[in-house]
Amino acid sequence: MAAKQEDQEHHGVELDQDQFCCSVCLDLLKEPVTIYCGHSYCRCCIEGCWDQEEEKGEFSCPQCRETFIPRPVLRRNNMLAEVVRTLKRTSTKADSPPQACSGPADVPCDFCSGTGRTKATMSCLTCLASYCAAHLEPHYCVPVLKKHQLVSATVPLQEKMCSEHNKLMEFYCETDEQLVCSMCTLEEHELHKFVSVSALKDKTKKNLDSTQKKIQEEVQQREKELQELKRAEENVKSCAQTSLTDCDQIFAQLISSMQKRRSEVKQLVSAQEKTAVCQSEELKLQLEEEISRLRRRDAQLEELSHTDDHIYVMQFLSTSCDFPEFTPAAAPLRSFRDVTDCVSELRDNLEAVLKETWPRISTTVSYVDFSLPPAPNSREEFLRYHRPLTLDVTSNYPYLHLIHDNLRLRPSPSSYSAHPDRFTKFPQVLCREGLSERCYWELEWHARTLSAAVAYKDTDRTSDESQFGRNDKSWSLECTAGSYLFRHNNVEEKVSGPPSCRIGVYLDYKAGALSFYHVNDPMVLIHKVLTTFTQPLHPGIGLNYEWYDVGVFAQLVKLW
């Protein structure tokens, strides 16, 4: 008998392992089943394939594609299972020498002695012990042991034991959502609802598959985001290099222009200096000639003063004493201080322009931030960026009253008192909160026109340009029953989109993006503008109505 068994085992070693592999998972058959066409599979593999074909109502063999209607009932192929078990045992003996435990995650064999205990390959839930390949052999040979339930030795059995009763946790308490042993079901969990772990096998497998599928989808999404991030990184490197080159050229042009103007000023001053020097030389010659002539006349008069011939003196004076009026060749020159003042004024003007422009340049450069999450797509993702907002009672138009915790505004014949921050020309209002991050809010309205807007705190409040979108400090989407109009800095742009009584506004401050949506699932983009913001933005609401209109209102939708 022993010789026969040895011969069978020897024959089992010579079996081709590939003949007993599942064509779905490409591994040795686990709980093998044979379907009507004669092909064999792991039960879980073929059930997984047929679960995907459930909607079609037609089930096929993954190998020969033969179809079956209705879904076949699967039964375990006991003979094939025994062959696979023998093949596993003999293959393990031949190909897998005992391995010593190498780390804390390895489960040691409970029957190996000595310090270098062998790593266990299987755990028996009946014996409550873990075995290496050598000590597991009786479970494949002894008939009574063959009925024991074996599982892979992934964690120590002690972790599967109830700490209070030291028994295997074979049940799941659905009331407390925890694993319990048979003693627990009779004591503290007596009145609870529980099921055996084996009964939850299929459900656990489905949950595991579902979780694995979600993880795989997350991995694919993260890989996609990683590729997009890599592309964005390459793009920003390329754009940064291009921008540096362009800025170098622009600054070089500015420097060249300033150097050219400096050279022209120097040439003008030098030329004017040369002209003035020439004029001065001419004047000097004229003055020197006049001085010489006057000195000669003075010498003649000196000589006459010593003569006593008065008749001759009178004759000389009557004919030669007329002094011609001397006129300078040019008027006195102006100081070059005026030139210095003009150049100083140019410098001051340039400094003012730089001071005004630099914040925009700095803000535009600094908005690139790879730590920001991707832009939202669904309304659920947009709602992650909502925050509490309230309308500012000091800014609203005098005849627009705020109600419902300063979330809704409606026309009223009574007037608010004057305030420096109040809009006086148009029925509109700002929120108290200034936004400089990502933020999403929604507006509901019933009026002739709604203005969904954002504006800087110092926007105009009193002039004809104070209406949202009529100046360079506010952006506005005007909504009517059948059309939309975007306005900024008094420049208007007609945009198309489905009519909506609820408008969603999404601000990505750092990216300089302002978007308006028709609130729906999925969200419908009405208009998006890309710019550079230099101050915190306050959400705003504007209305257009007549006093006889009924039910006019606009409000911030409470999303928090």
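Note that this is a predicted model, so its numbers are computed, not measured.

Calculation criteria
Residues numbered from 1 in each chain as written. Predicted model: local features only at pLDDT ≥ 70, side-chain atom pairs only at ≥ 80, totals over all residues. Heavy atoms only, no water. Helix = DSSP H or I, 4+ residues; strand = E, 2+ residues; numbered from the N terminus. Buried < 20%, exposed > 50% of the residue type's maximum accessible area, 1.4 Å probe, protein only. Contact = heavy atoms within 4.5 Å. Areas by Shrake-Rupley, 256 points an atom, 1.4 Å probe, with all protein chains shown as cover. Pairing = 2+ DSSP bridges. Axes fitted to C-alpha atoms, helices over the stretch in contact; angles between N-to-C directions. Lys, Arg positive; Asp, Glu negative; His and termini not counted. Salt bridge = Lys/Arg side-chain N within 4 Å of Asp/Glu carboxyl O. Polar contact = N/O pair within 3.5 Å; in protein donor to acceptor, adjacent residues only side chain to side chain. pLDDT = per-residue confidence, 0-100. Expected span 1.5 Å × (residues − 1). Phe/Tyr/Trp six-rings, centres within 6.5 Å; stacked < 30°, edge-to-face > 60°. Lys NZ or Arg CZ within 6 Å of the ring centre and 35° of its normal.

Some words on the overall build of the protein
Consideration 1: Counting its secondary structure elements, the protein contains 11 helices and 23 strands.
Consideration 2: Counting the 560 residues in the protein, one finds 29% classified as buried.
Consideration 3: Across the protein, contacts joining residues at least 24 apart in sequence account for 54% of those joining residues at least 6 apart.
Consideration 4: Accessible area of the protein: about 36300 Å², with a carbon and sulfur share of 53%.

With respect to the sheet that holds strand S18 (residues 491-495)
Consideration 1: Read across the open sheet, the six strands follow the order S13-S22-S15-S16-S17-S18; overall the sheet is antiparallel. Of all strands in the sheet, those bounded by a partner on one side alone are strand S13 (428-430) and S18. Strand after strand, the sheet turns through a mean of 20° between neighbouring axes, direction not considered.
Consideration 2: In this sheet, strand S16 (residues 474-479) lies alongside strand S15 (residues 449-456) in antiparallel orientation, the contact comprising six bridges. Following the sheet pairing, Ala455 is matched in S16 by Ser474.

Observations regarding the side chain of Glu53
Consideration 1: Looking at the element boundaries, Glu53 is found in the loop between helix H2 (43-52) and strand S3 (59-60).
Consideration 2: Among buried Asp, Glu, Lys and Arg side chains, Glu53 stands out as unpaired, with Lys56 the closest opposite charge at 4.3 Å.
Consideration 3: In terms of polar contacts, Glu53 uses its side chain to reach the side chain of Ser60, at 2.9 Å.
Consideration 4: What Glu53 contacts, discounting residues up to four positions off in sequence, is Glu58, Phe59, Ser60 and Arg65.

Observations concerning the environment of Phe316
Consideration 1: Tracing the sequence through the fold places Phe316 in helix H9 (residues 310-320).
Consideration 2: Through-space distance from the C-alpha of Phe316 to that of Leu304 is 9.0 Å; in sequence the pair is 12 residues apart.

Re the confidence of the model for the protein
Note: predicted coordinates in regions of low pLDDT should not be interpreted at a detailed level.
Consideration 1: On average, residues of the protein score 84 in pLDDT, and 89% of them are at 70 or above.
Consideration 2: Scored below 50 in pLDDT, residues 1-13 shows eight contacts in the model against residues more than four places distant or in partner chains.

Thoughts on helix H8 (residues 201-304)
Within an α-helix, residues lying three or four positions from one another point in the same direction, as the helix has 3.6 residues per turn.
Consideration 1: For H8, with 104 residues, the first-to-last C-alpha span of 148 Å sits near the 154 Å given by 1.5 Å per residue.
Consideration 2: Taken together, the buried positions of H8 are occupied by Ala276, Leu283, Glu290, Arg297 and Leu304.

Details of the environment of Trp560
Consideration 1: Tracing the chain through its elements places Trp560 in the segment after strand S23 (553-556).
Consideration 2: A C-alpha to C-alpha distance of 7.1 Å links Trp560 and His386, two positions 174 residues apart in sequence.

Some points on the packing of aromatic side chains
Consideration 1: One pass over the structure, following the stated rule, counts 17 aromatic pairs.
Consideration 2: Between Phe382 and Tyr440 the ring centres are 5.3 Å apart and the planes differ by 35°, which places this aromatic pair in the tilted class. Of this pair, Phe382 sits in helix H11 (residues 379-383) while Tyr440 sits in strand S14 (residues 438-446), and the two are 58 residues apart along the sequence. When sorted by exposure, Phe382 lands in the same class as Tyr440, which is buried.
Consideration 3: Site record: aromatic cluster; members linked through ring pairs are Phe382, Tyr385, Tyr440, Tyr506 and Tyr517.
Consideration 4: Directly above the ring of Phe553 sits Arg408, whose terminal nitrogen or CZ lies 4.1 Å from the centroid.
Consideration 5: Over the aromatic face of Phe423 sits the side chain of Arg461, whose NZ or CZ is 4.9 Å from the ring centroid.

A short note on unusual backbone geometry
Consideration 1: In this structure, the amide linkage connecting Ile69 to the following residue, Pro70, adopts the cis form with an omega of 0°.
Consideration 2: Cis rather than trans, the peptide bond between Asp521 and Pro522 has omega equal to 10°.
Consideration 3: Following the sequence through the fold, Pro522 ends up in the loop between strand S20 (513-518) and strand S21 (524-530).
Consideration 4: Of note in the backbone geometry, Glu177 takes a positive phi value of approximately 55° without being a glycine.
Consideration 5: Take Glu177: it is sitting in the loop between strand S8 (171-173) and strand S9 (178-180).

Quick notes on the pairing of S23
Consideration 1: Neither face of S23 is left uncovered, since the one carrying Phe553 and Gln555 and the one carrying Ala554 and Leu556 both have all their residues buried.
Consideration 2: The pairing of S14 with S23 spans four bridges and is antiparallel. Bridged to His446 within S23 is Phe553.

Describing the sheet that holds S9
Consideration 1: A sheet is described by the order of its strands in space; here three strands give the open sequence S9-S8-S10, paired in antiparallel fashion. Only two strands of the sheet have a single partner each, and these edge strands are S9 and strand S10 (194-196). Strand-to-strand twist in this sheet, taken as the mean axis angle between neighbours without regard to direction, amounts to 30°.
Consideration 2: Of the pairings in the sheet, the one linking S8 to S10 comprises three bridges and is antiparallel in character. In the strand pairing of S10, Tyr172 is matched with Val195.

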